[in-house]
Amino acid sequence: MSIGPVTRERIEQVSSVIRTYVRHTPVLSVGAQDFGLDGGPIDLKLEYLQHSGSFKARGAFASLLTREIPKAGVVAASGGNHGAAVAYAAHKLGIKATIFVPTVSAKAKTDRIRSYGADLIVGGDLYADALAASEEFVARTGALPIHAYDQVETLLGQGTLGGEIEDDLPDMTTLLVAVGGGGLIGGLAAWFEDRVRIIAVEPEMAPTLNHALAAGKPVDAPAGGVAADSLAPRQIGRLMFPIAQAHVAQSVLVPDEAIVNAQKALWEHARIATEPGGATAFAALLSGRYVAEPGEKVAVLVCGANTTAVSFG
């Protein structure tokens, strides 16, 4: 399959390729008052129920099904969720996978990667360290790199979520999306263009897109905080950045305390168990960092659930 620019047409093509491998995840409508907020219902797109525990499965299958795979297999660097998704997709397709993650990666994520049979290498403090190690592995072995966000196939795969959301919520006016490297919001912004307001939400301690938008180009940003294993690359993706400049309406930063409070509130009031990165978009609403205007029909993407926050032991 020939992959071109990140457009609605290309996203639709990829959607037809991966459709049988990914779930159409549900939407839950909750009352704002349940969370102490004013306004009407809030629609939660529960993508954390996707295979491997996050939206990342879409991009992983898009890459593995549209690219030629060498005998050495595939390799990915990840904070955890992308690695789990590539490991899952490779397992389903009978492909050898090697995954590099930093020491900050949560145990729930490394355990999931191992459960899919991938070779897991843990080292370095941050995602950037895992990426450097994976690049050396590619040079040595000839394995195919599957980038977590700065790759056309990844953007196209994540963009397939846009068509699903549009089918589920045709009256939506605003979509809040957590941002790490930007693969998800880049794909979604390419799908929706300006038909809905796309709001980027990032941790204050990992303001990757926020700093890039201010500088007019991708720049180094802090990479810490409670969501560092999913939302803290050194720079935003270069492929998605012009898409964000054109189609992301607003950038919002939230403190770690708000992210943890959002995790707790989603569990307490909706029995949604999500990791910090998965709760970050909802944190913008709960903390008041984003306040919907009267008449706005707001949807929030709950994007990841690889956490041990809820124990059944």
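Right above here is the structure, for reference.
These numbers come from a predicted model, not from an experiment.

**Student:** Outline the overall build of the protein chain, listing residues and values.
**Tutor:** For the protein chain, the helix and strand inventory stands at 11 helices and 10 strands. Here the C-alpha radius of gyration of the protein chain, 18 Å, is about what a compact globule of 313 residues would show, namely 20 Å. By its C-alpha atoms, the protein chain is 55 × 45 × 40 Å across when sized along the principal axes. Within the protein chain, the proportion of its 313 residues that are buried is 56%. The contacts in the protein chain between residues at least 6 apart in sequence include a share of 70% that link residues at least 24 apart. Total accessible area on the protein chain stands at roughly 12300 Å², and carbon and sulfur atoms take up 50% of it. For the protein chain, the distance from the average position of its 25 positive side-chain charges to the average position of its 32 negative side-chain charges is 6 Å.

**Student:** Lay out helix α11 (residues 276–286) in plain terms, naming residues and giving numbers.
**Tutor:** Burial of α11 is extensive: 10 of the 11 residues sit out of reach of the surface. Among the residues of α11, P276, G277, G278, A279, T280, A281, F282, A283, A284 and L285 are the ones counted as buried. Residues of α11 that are buried in the fold lie against β2 (42–46), β7 (174–178), β8 (197–203), β9 (248–254), α10 (256–270) and β10 (298–302). Immediately downstream of α11, the backbone of G288 shows phi near 80°, a positive value.

**Student:** Describe in detail empty space enclosed by the protein, supporting the description with residues and values.
**Tutor:** According to the stated counting rule, one finds 1 cavity of 30 Å³ or more in the structure shown. Of the pockets and cavities examined, the largest cavity occupies roughly 340 Å³. Looking at the largest cavity, it is lined by 30 residues, and the ones nearest its centre are K56, G180, G181, S230 and L231. Breaking the lining of the largest cavity down by element, the ones donating at least two residues are α3 (81–93), α7 (183–192) and α11.

**Student:** Explain the environment of A97 to me, using residue names and the numbers behind them.
**Tutor:** Inspection of the secondary structure puts A97 in strand β4 (residues 97–101). Aside from chain neighbours lying at most four places away, what touches A97 is V74, A90, A118 and D119.

Definitions and cut-offs
Residues numbered from 1 in each chain as written. Predicted model: local features only at pLDDT ≥ 70, side-chain atom pairs only at ≥ 80, totals over all residues. Heavy atoms only, no water. Helix = DSSP H or I, 4+ residues; strand = E, 2+ residues; numbered from the N terminus. Rg over C-alpha atoms; globule rule 2.2 N^0.38 Å. Buried < 20%, exposed > 50% of the residue type's maximum accessible area, 1.4 Å probe, protein only. Contact = heavy atoms within 4.5 Å. Areas by Shrake-Rupley, 256 points an atom, 1.4 Å probe, with all protein chains shown as cover. Lys, Arg positive; Asp, Glu negative; His and termini not counted. Charge placed at Lys NZ, Arg CZ, Asp CG, Glu CD. 1 Å grid on protein atoms, 1.4 Å probe; cavity = no way out; pocket = protein on both sides within 12 Å on 5 of 7 lines; lining within 4 Å. Points joined across faces, edges and corners; volume = space filled by probe spheres on them.

Nothing here speaks to function; it is geometry throughout.
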